[in-house]
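Here's the letter readout for the chains.
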Amino acid sequence: MVSLPILSLPSSELLGRRRVEEIQNDQSLLLSLSSSPHPKIFFSSPFLSQSTGLGSYSSLRRRFRISLSRSRCVISGIRSSSSSPDLPAVDPSIFGEKRELTGVYSFVDAIPPAVRIASSAVIVAAAVASGYGLGNRFGRSQNAAIAGAVVIGSVGVGAAYSLNSCVPEVASANLHNYVVGCGDPGAVKKEDIEAIAKKYGVSKQNEAFNAELCDIYCRFVTAALPSGGEDLKGDEVDTIVKFKSALGIDDPDAAAMHMEIGRRIFRERLESGDSDVEQRRAFQKLIYVSNLVFGEASGFLLPWKRVFKVTDSQVEVAVRDNAQRLYAHKLKTVSQDLDASQLISIREAQLLYRLSDEVASDMFRDHVRKIIEKNISVALAVVKSRTKNLKPAVDELNKVLAFNGVLTSLKNHSQASQFARGVGPLSLIGGDYDGDRKIDDLKLLYRTFLADALSGGIMQENKIASLNQLRNIFGLGKRETEAIALEVGSQVYRKRLQQAVSNGDLMNADSKAAYLQNLCDELHFDPEKAVEIHEEIYRRKLQQLVSDKAELSDDDVKTLEQIQIMFCVPKQTVEAAHADICGSLFEKIVKEAIAAGVDGYDAEIKKAVRNAAFGLRLTREVAMSIASKAVRKIFVSYIQRARAAGSRTESARELKRMLAFNSLVVTELVADIKGESTDAPPEEPEPVEQKELDVEWDSLQSLRKARPTHDKIRRQSQKEINLKEDLPDRDRIDLYKTYLLFCITGEVTRIPFGAQITTKKDDSEYIFLNQLGGILGLSDKEIVDVHRGIAEQAFRQEAEVILADGQLTKSRIEQLDQLQKNVGLPPQYAQNIIKSITSTKLSAALETAAGRGRLSIKEIRELKENGIDVDTMISLNLRENLFKKMIDGIFSSGTGDFDEEEVYQKIPNDLNIDPIKSKGVVQELARSRLSNSLIQAVALLRQRNRQGVVNSLNDLLACDRAVPSTPLSWELPEELADLFLVYVNGNPSPEKAERVKYLLNISDSTAEALAAVKDKGEQNAANEEEFVL
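Predicted model, so just to flag it, every value in this text is computed and none were measured.

Asks: Hey, could you run me through the overall build of the protein in this one?
Replies: Helix and strand counts for the protein come out as 46 helices and two strands. Across the 1029 residues in the protein, those meeting the buried criterion constitute 44%. Of the roughly 54500 Å² of accessible surface on the protein, a fraction of 51% belongs to carbon and sulfur atoms.

Here it is as structure tokens:
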């Protein structure tokens, strides 16, 4: 009994103080290392105070601090063998050795709980009884006995307490020994652990018992996680979850162990100082596995950010990277023998690993792409080995297509939603063969597969689908595959054509076109490309036949006709081939003939041209087209030199050289091509248009000289080859005009001191002019227009001098007639020019007269009667102004006459102006002149100008007739009476007098009085009249 206090274990307070001291020591160590010169650490600084949530295990025993390296050294033992289908076997050494119980621990372990409780009661009762007896014995009083019972009873209670306090430690030791004795974590059962706790009457929440559970769980998790350099295998989460369930440890306690492992990894990193990458990966794996173990509760059970100062992104990176590694490890089981169950398993693994669909899809595509890249590499190695047997390469490509078919069918599977993400057709995009450097290799493989598909001479339908799939897998463009298909298909088509020709199948076919179309259908070859091959075969045969002899014999023609019929070559294609191949040979001969020049075109060259024209079987149109092209280039060179010449004479000389070349070389060349003789000119029917132009040819003197006749020329130069399409119309006409002026003026020779001598040529130059017109491709109408234009220009220049003032007198008419004969201009054209000049002069005179108002209506009518178009010569504005002046003259004539028909109809008609507008002008003038006439009459009355007064009142009457007016008013009525008296004395007609009386507002009585004054005045006519104003 005395030894019991010595065997008592440290109290919980003592354990707590020790744990706090350890944490403080660790914290001081971290703070002292935080300023070390090592590289920046992954975590800034851990939160290590007692308020971190680790207080639930702050009073754990010292044995809880196991070595992390020692636990990891047995990881291989965890995965080495499996004695249980649920959990892999773990080396018992990770949990340490069994603990031996000595002293009171062995005693407590040996006795059952009931006996232990009874023993405790007996000890307490015996202690109380002994104390009571000793107190009564030595104290001899009841109080002493009670005091002794209390004292000795307290000792008994302490002994009983010491005995019962060992129970949790004994239970923990038995728990430890049980786990060690199992030898395999999978053998640990929750029922056995609960039985141990029940055996010793302790709760699993007991501090010592729970500490042992946490210690065991921590050791197991540490051993289950691979070392920093190793990847997760995928079974760690399931293993830890099952072991945690077997232990029956609560999630908060288990989470605390995960956090403790993280702290140890961090502390180990600080201690080692040179394994930053491994420790970082170990911490990432811990975070990832811990989050999966605790699921959704990990957010508040695992305070990574608060304890280790990590960010959300760092946690996400740790989860993502480890999930990718696990998923990649899972994808290694995927091969070309893929089925639906395997894809479902992969999908479940993805969900278990918490990997996003997007990342999982990309990883699956990358994996299957790498699988087919191996097949492609093997196939490419076979093709590049230059071996004749390409069957292995085709087999590898068939494997790729088969795998693509499997993935495509699985994509459309009814359970596709349960499959791994990324299932679908294959593609090389993003892999080793995605790039311009590898595109040629892929084209080579596609060509190899296509050649194998056509090796039998027929393209099967399934091969077409395979080719389309292969194109999509390789990522080739449509143009690229079409070019490969055209190249390979052309080779096979040519081979089939050769076989059909050699065995006579094509020749004996009833329908050559149907046979060829069927051949294209079998090979799925484009018929248009087949037509091009047929044309190429014909052209190659034609080239072969003409390359040796430079001509085609009758047998050669039959052979070509047979090829044309057999391959259904169109006639246009045949003609084009002959024009190209035979035409090139003929063009060479023509150029040699032209290069010989005027002196070198001899009989040998003529024979060569004739033989080439007929021996090459060229049509006349093709031969002439070839010759025309070569000749026109020479003509253009002459034209360029002529236009670049410094004078008209030099230009004419260059043109004459061109005419000589045309007459001596080109004419002979055309005759040799046609097979005609140049001794006599060919008879050509005279066109109808030429007959109509005979009058023009005969009327113009220069045209008569230039017109070819049989008397002047025996040999006609050719005109079929001309420059009508090579030069603009304006340039051709200018060149012809230049030579025409040379024929008219003659050759000009400059001599020193600025003088020049003109040498007049005879009419032979006009013959060359006619030839020039033919080379330039001018029509007869264009030639006539040029000659007439020159003649009209010369006549106009002289006529304008003669008719300088526009007056056409008899002497001037004689001068113009003589000028017309000298120039050689037909009379009708001369008259038109004369009329134009005189009209221009007259128009200017009329414009001037009309502008000054000197032109009367009578003169205008006389001009119209003489056939002069006044409307053209006088502008509308001037005619309208002239009308206003005429009307103003009527209103100021002093006669009082106003003819409405004349003013409103005849005059506007003669001036060709708008009658309605002119009537408005008349009325407007009348209104303005009406009051002015009265004012003017009064002024003249005051000046005693009787006739002026009468004229003004007549003007008033004329305005009144144009615009009827009401009676006028005046300030002094006596002046109106005097005006009427003066007007009456002028003996006007009664109508005029009556209208003036009305306008001046004269009453009848006043009129009678004025009449009496008139009579009296007539009696005293000899006396001087006095006007009282």
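Asks: Before we go on, may I ask you to explain helix H44 (residues 973-985) in this structure?
Replies: Within an α-helix, residues lying three or four positions from one another point in the same direction, as the helix has 3.6 residues per turn. Along its 13 residues, H44 runs 19 Å from first to last C-alpha, staying within 8% of the 18 Å computed at 1.5 Å per residue. Within the sequence span of H44, burial applies to Glu975, Leu976, Ala977, Leu979, Phe980, Leu981, Val982, Tyr983 and Val984. At the exit of H44 stands asparagine 987, carrying a positive phi of roughly 55 degrees.

Asks: Sorry if this is basic, but what is going on with the confidence of the model for the protein here?
Replies: If pLDDT is low for a region, its predicted coordinates should not be looked at in detail. Taken residue by residue, the protein gives an average pLDDT of 75. The fraction at 70 or more is 75%. Segment residues 1-90: pLDDT under 50, and 165 contacts once partners within four positions in sequence are set aside and those in other chains are kept. Confidence drops under a pLDDT of 50 for residues 685-693, and excluding neighbours within four residues, the segment shows nine contacts in the predicted structure.

Asks: What should I look at first to understand the nonpolar core in this one?
Replies: Within soluble globular proteins, side chains that are nonpolar generally end up buried alongside one another. The biggest cluster of nonpolar side chains holds 188 residues, and the ones touching the most others in it are Tyr217, Phe474, Tyr493 and Phe586. The dominant element in this core, judged by the number of residues it contributes, is helix H17 (residues 357-384), at eleven residues. Ignoring anything within four residues of it in the chain, the contact list for phenylalanine 474 reads Ile376, Leu397, Leu428, Leu442, Leu445 and Tyr446. Of all hydrophobic cores here, the second largest spans 46 residues; its members include Ile860, Phe883, Val922 and Val950.

Asks: I'm lost on unusual backbone geometry in this one. Help?
Replies: Both trends apply: most residues other than glycine have a negative phi, and most peptide bonds are in trans. One non-glycine residue, histidine 524, adopts positive backbone phi at about 55 degrees. Looking at the element boundaries, histidine 524 is found in the loop between helix H23 (512-523) and helix H24 (527-549). Overall, histidine 524 belongs to the partly exposed group, its relative accessible area being 40%.

Asks: What is the right way to look at the pattern of salt bridges in this model?
Replies: One side chain can pair with another of opposite charge once the charged atoms of both are near each other. What the rule picks out here adds up to 39 salt bridges. The partner of arginine 263 in a salt bridge is glutamate 260, with the nearest N and O atoms 3.0 Å apart. One end of the pair is arginine 263 and the other is glutamate 260, both in helix H11 (residues 251-272) and three residues apart, which spans about a single turn. Comparing arginine 263 with glutamate 260 shows no difference in burial state: the two are buried. Arginine 320 is paired through a salt bridge with aspartate 321; the nearest N and O atoms lie 3.5 Å apart. Taken together, the shared-partner salt bridges in this structure form one network comprising Lys606, Arg610, Glu668 and Asp672.

Asks: Could you clarify how one ought to interpret a negative patch on the surface in this entry?
Replies: Where like charges cluster on the molecular surface, the negative patch consists of Glu482, Asp526, Glu528 and Glu532. Within the element layout of this structure, glutamate 532 appears in helix H24.

Asks: So what exactly am I meant to see when it comes to helix H43 (residues 946-962) here?
Replies: The terminal C-alpha atoms of H43 lie 25 Å apart, and with 17 residues this matches the ideal 24 Å at 1.5 Å per residue to within 8%. Of all 17 residues in H43, 13 are buried; the element is thus mostly enclosed. At the N-terminal boundary of H43, the capping side chain belongs to asparagine 945, with an oxygen 3.0 Å from the backbone nitrogen of glycine 948.

Asks: Sorry, what's going on with the packing of aromatic side chains here?
Replies: Two descriptors summarise a pair of aromatic rings, namely the distance from one centre to the other and the angle between the planes of the rings. Tallying each qualifying case throughout the model produces ten aromatic pairs. Residues tyrosine 493 and phenylalanine 525 carry aromatic rings whose centres are separated by 5.2 Å and whose planes lie at 20 degrees to one another, so their mutual orientation is stacked. In this pair, tyrosine 493 is assigned in helix H21 (residues 478-502) and phenylalanine 525 in the loop between H23 and H24, connecting sequence segments 32 residues apart. Under the relative-accessibility criterion, phenylalanine 525 is labelled buried at 8%. Ring centres of phenylalanine 898 and tyrosine 904 lie 6.0 Å apart, and the angle between their planes is 75 degrees; this geometry places the pair in the edge-to-face category. With respect to burial, phenylalanine 898 and tyrosine 904 carry one shared label: buried. Ring pairing ties together the aromatic residues Phe283, Trp304 and Phe308, which thus form one cluster. The positively charged end of arginine 641 is found above the aromatic ring belonging to tyrosine 638, 4.7 Å away from the centroid. A cation sits over an aromatic face here: lysine 919 above tyrosine 904, 5.3 Å from the ring centre.

Asks: Teacher, can you tell me more about the side chain of lysine 674 here?
Replies: Tracing the backbone through its elements, the reader meets lysine 674 in helix H29 (residues 648-674). Judged by relative accessible area, lysine 674 falls into the buried class, the value being 14%. In this structure lysine 674 touches Phe614, Arg620, Met624 and Glu720, once residues within four positions along its chain are discounted.

Asks: When you look at the packing of H17 against helix H19 (residues 436-453) in this model, what are you seeing that I'm missing?
Replies: Packed helix pairs are specified by the crossing angle of their axes together with the interaxial distance, meaning the distance between the axes. Interaxial distance between H17 and H19 falls to 10 Å at its minimum, and their mutual angle equals 75 degrees. The angle between H17 and H19 falls in the class roughly perpendicular. Contacts between H17 and H19 involve Ile376, Ala379, Leu380, Val383 and Lys384 on the former and, on the latter, Asp441, Leu442, Leu444, Leu445 and Thr448. Considered class by class, the residues forming the contact of H17 with H19 number seven nonpolar, one polar and two charged.

Asks: Could you clarify how one ought to interpret the side chain of asparagine 291 in this entry?
Replies: Its location among the elements puts asparagine 291 in helix H12 (residues 276-294). The exposure class assigned to asparagine 291 is buried, which follows from its relative accessible area of 9%. If near-sequence neighbours (up to four positions away) are discounted, asparagine 291 is found in contact with Ser298, Leu302, Trp304, Val315, Val319 and Arg354.

Here is what the cut-offs are and how they apply
Residues numbered from 1 in each chain as written. Predicted model: local features only at pLDDT ≥ 70, side-chain atom pairs only at ≥ 80, totals over all residues. Heavy atoms only, no water. Helix = DSSP H or I, 4+ residues; strand = E, 2+ residues; numbered from the N terminus. Buried < 20%, exposed > 50% of the residue type's maximum accessible area, 1.4 Å probe, protein only. Areas by Shrake-Rupley, 256 points an atom, 1.4 Å probe, with all protein chains shown as cover. Expected span 1.5 Å × (residues − 1). pLDDT = per-residue confidence, 0-100. Contact = heavy atoms within 4.5 Å. Core = buried A, V, L, I, M, F, W, Y, C linked by side-chain atoms within 4.5 Å. Salt bridge = Lys/Arg side-chain N within 4 Å of Asp/Glu carboxyl O. Patch = residues over 30% accessible without salt bridge, like charges linked within 9 Å, V, L, I, M, F, W, Y side chains within 5 Å. Lys, Arg positive; Asp, Glu negative; His and termini not counted. Charge placed at Lys NZ, Arg CZ, Asp CG, Glu CD. Polar contact = N/O pair within 3.5 Å; in protein donor to acceptor, adjacent residues only side chain to side chain. Phe/Tyr/Trp six-rings, centres within 6.5 Å; stacked < 30°, edge-to-face > 60°. Lys NZ or Arg CZ within 6 Å of the ring centre and 35° of its normal. Axes fitted to C-alpha atoms, helices over the stretch in contact; angles between N-to-C directions. Parallel < 35°, antiparallel > 145°, perpendicular 65-115°, else oblique. Nonpolar A, V, L, I, M, F, W, Y, C, P; charged D, E, K, R; others polar.

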